[in-house]
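Structural overview
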Amino acid sequence: MRLIKKALKNPKAALLVVISKFHFLSDKAYIKLKYFISFGKRINLKNPKTYNEKLNWLKLYDRNPKYPKMVDKFGVREYIKEKIGEEYLIPLLGVWDSFEEIDFDSLPNQFVLKCTHDSGSVVICKDKTTFDIEKAKEKLNRKFKKNLYWWSREWVYKDLKPKIIAEKYMEDSEYKELRDYKFFCFSGEPKCLFVATERPHNTKFDFFDLEFNHLPILNGHPNSEKQIEKPKCFDKMIELSKILSQGMKHVRVDFYEIDGRIYFGELTFFHYSGFIDFEPDEWNYKFGEWIDLSK
């Protein structure tokens, strides 16, 4: 009954869940169907213009065999170490093939658990004495069984081997949170970024250009009502994002700044899987112009 009520409340979301089970569809057919359901119009794959159209085009035709390792939250650590140095990695506390293998006695009082093969499977422990292990087990085991590929046909996730990693709990002493600085890079050149704040329960996204001027963009979450300060290491983040995005038509490079130090977050090839609106829509075209598919 609860599922029926959810479906009636948001039939589009319910339909998207249904078609995610259509494993018999080719990637191209599935993307066309999901795009139509999401936006109420056909996707132009022959001559893509918008950011969302080009992201979905890249899913189909830009299949660099190095990309899967770059989105694996454990495998990417080797890439970061080689490209910019180990000092930019959040300290690793452990890696396991299943939740049951985790030795909680060996972990510190604070830590972060996450699956390596997906998005959104983060479990934060701020105090081990009150940490609900069973709740964490339920969430991570549920995520462990899911293959993100089937939801939006992001091929980079299809064959990843799931693992669980533990990382050091990190928090900036000034803001009392982990602010995320996400740079949109095009053929090795960052063009803009957004800052994610107030996560996880009241998430805000604020877009900025590379002079850190606030941009009038809504995408995924509302803007913050607070003033977002320019990070101390902003210029260095730009420099590092250029290095990490070299040779890629498009990738989003994410960093954290914690007490004046930069830490790598993740690489994302398909922001919101290419299925999220921009307000105003002109930014969908502007971002699209930055992706060069001519070669």
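See the structure above.
The notes below deal with the structure included here. Starting afresh in each chain, residues are numbered from 1 along the sequence in its written order. The predicted origin of the model limits local features to residues at a pLDDT of at least 70 and limits the giving and counting of side-chain atom pairs to 80 or more, whereas totals for whole chains, interfaces and linings rest on all residues. Computation of side-chain values covers all heavy atoms of the structure but excludes hydrogens and water.

1. Focus: the sheet that holds strand β3 (residues 122–125)
Applied cut-off: When DSSP finds two or more bridges between a pair of strands, those strands are recorded as paired. Numbering of helices and strands runs from the N terminus, with a helix taken as a DSSP run of H or I at least four residues long and a strand as a DSSP run of E at least two residues long. Helix axes are fitted to C-alpha atoms over the stretch in contact, other axes to C-alpha atoms as well, and angles between N-to-C directions run from 0 to 180 degrees. What makes two residues a contact is simply this: any of their non-hydrogen atoms within 4.5 Å.
Taken together, the 4 strands give an open sheet; going across it, the order is β1-β4-β2-β3, and neighbouring strands pair in antiparallel fashion. Only two strands of the sheet have a single partner each, and these edge strands are β1 (92–96) and β3. Between one strand axis and the next, the sheet turns through 15° on average, direction left out of account. Of the pairings in the sheet, the one linking strand β2 (residues 111–115) to β3 comprises 4 bridges and is antiparallel in character. By the bridge assignment for β3, Lys114 is matched with Val122. Contacts from helix α7 (residues 133–144) reach β2, β3 and β4 (164–168) within the one sheet, and its direction differs from that of β2 by about 30°.

2. Things to note about a negative patch on the surface
Applied cut-off: The patches reported here contain residues having more than 30% relative accessible area and no salt bridge. Joining distances are 9 Å for like charges and 5 Å for nonpolar side chains (Val, Leu, Ile, Met, Phe, Trp, Tyr). Here, Shrake-Rupley sampling with a 1.4 Å probe gives the accessible areas, and only protein chains in the shown set may cover a residue. Any Lys or Arg side-chain nitrogen found within 4 Å of a carboxyl oxygen on Asp or Glu counts as a salt bridge. In this count, Lys and Arg are taken as positive residues and Asp and Glu as negative ones, while His and the chain termini are left out. Every charge is mapped to an atom, namely NZ of Lys, CZ of Arg, CG of Asp or CD of Glu. Exposure classes here rest on a 1.4 Å probe applied to the protein chains alone. A residue is buried below 20% of its type maximum, exposed above 50%, and partly exposed in between.
Among the surface-exposed residues, Asp277, Glu279, Asp281 and Glu282 lie close enough to one another that they form a single negatively charged patch. Residue placement: Glu282 occurs in helix α10 (residues 282–290). When its relative accessible area of 55% is taken as the criterion, Glu282 is described as exposed.

3. Some points on unusual backbone geometry
Each neighbour pair has its own omega, and for Arg199 with Pro200 the value is 5°, a cis peptide bond. Tracing the backbone shows Pro200 in the loop between β6 (189–197) and β7 (204–209). A cis geometry characterises the amide bond from Glu279 onward to Pro280, with omega recorded as -5°. Mapping Pro280 onto the fold places it in the loop between β10 (261–268) and α10. You will see that Ser273, though not glycine, has its phi angle at about 60°, which is positive. Inspection of the secondary structure puts Ser273 in the loop between β10 and α10.

4. Here we look at the nonpolar core
Test applied: Nonpolar core, defined: a set of buried Ala, Val, Leu, Ile, Met, Phe, Trp, Tyr and Cys residues in which side-chain atoms within 4.5 Å join the residues together.
Phe183 and Phe287 are the most contacted members of the largest nonpolar core, which totals 62 residues. One finds Val123, Cys125, Leu140 and Ile164 within the second-largest nonpolar core, a separate group that totals 16 residues.

5. What to know about the side chain of His250
Rules: What qualifies as a polar contact is a pair of N or O atoms within 3.5 Å, subject to a donor-acceptor requirement within protein and to the restriction that residues adjacent in sequence count only when both atoms come from side chains.
Within the secondary structure layout, His250 lies in strand β9 (residues 250–258). One polar contact links the side chain of His250 to the main-chain carbonyl oxygen of Cys185, over a distance of 2.8 Å. Beyond its immediate chain neighbours, meaning those up to four positions away, His250 contacts Tyr51, Leu55, Leu58, Phe184, Cys185, Phe186, Phe269 and Ile291.

6. Things to note about the pattern of salt bridges
Considering all chains together, one arrives at 20 salt bridges under this definition. When the shortest N-O distance is used, the salt bridge between Lys114 and Glu167 registers 3.2 Å. Taken as a pair, Lys114 in strand β2 and Glu167 in strand β4 lie far apart in primary sequence, 53 residues in all. In this structure Glu167 comes out as buried when scored by relative accessible area, which is 9%.

7. A word on helix α6 (residues 76–83)
Note the cut-off: Think of the arc as the fan of directions from the helix axis to the C-beta atoms.
Within α6, burial applies to Val76, Arg77, Tyr79 and Ile80. Down the axis of α6, the buried side of the element spans an arc of 160°, and every buried residue falls inside it. Elements that come into contact with the buried residues of α6 comprise α5 (67–71), β1, β4, α9 (234–244) and β10. Gly85 occupies a position one or two residues after α6 and carries a positive phi of about 120°.

8. Regarding the pairing of strand β5 (residues 180–186)
Counting buried positions along β5 yields 7 of 7 residues, so the element is predominantly enclosed. The two faces of β5 match: Asp180, Lys182, Phe184 and Phe186 on one face and Tyr181, Phe183 and Cys185 on the other face are all buried. Of the strand pairs in this sheet, β5 and β9 are connected by 7 bridges, and their pairing is antiparallel. Bridged to Tyr181 within β9 is Phe255.

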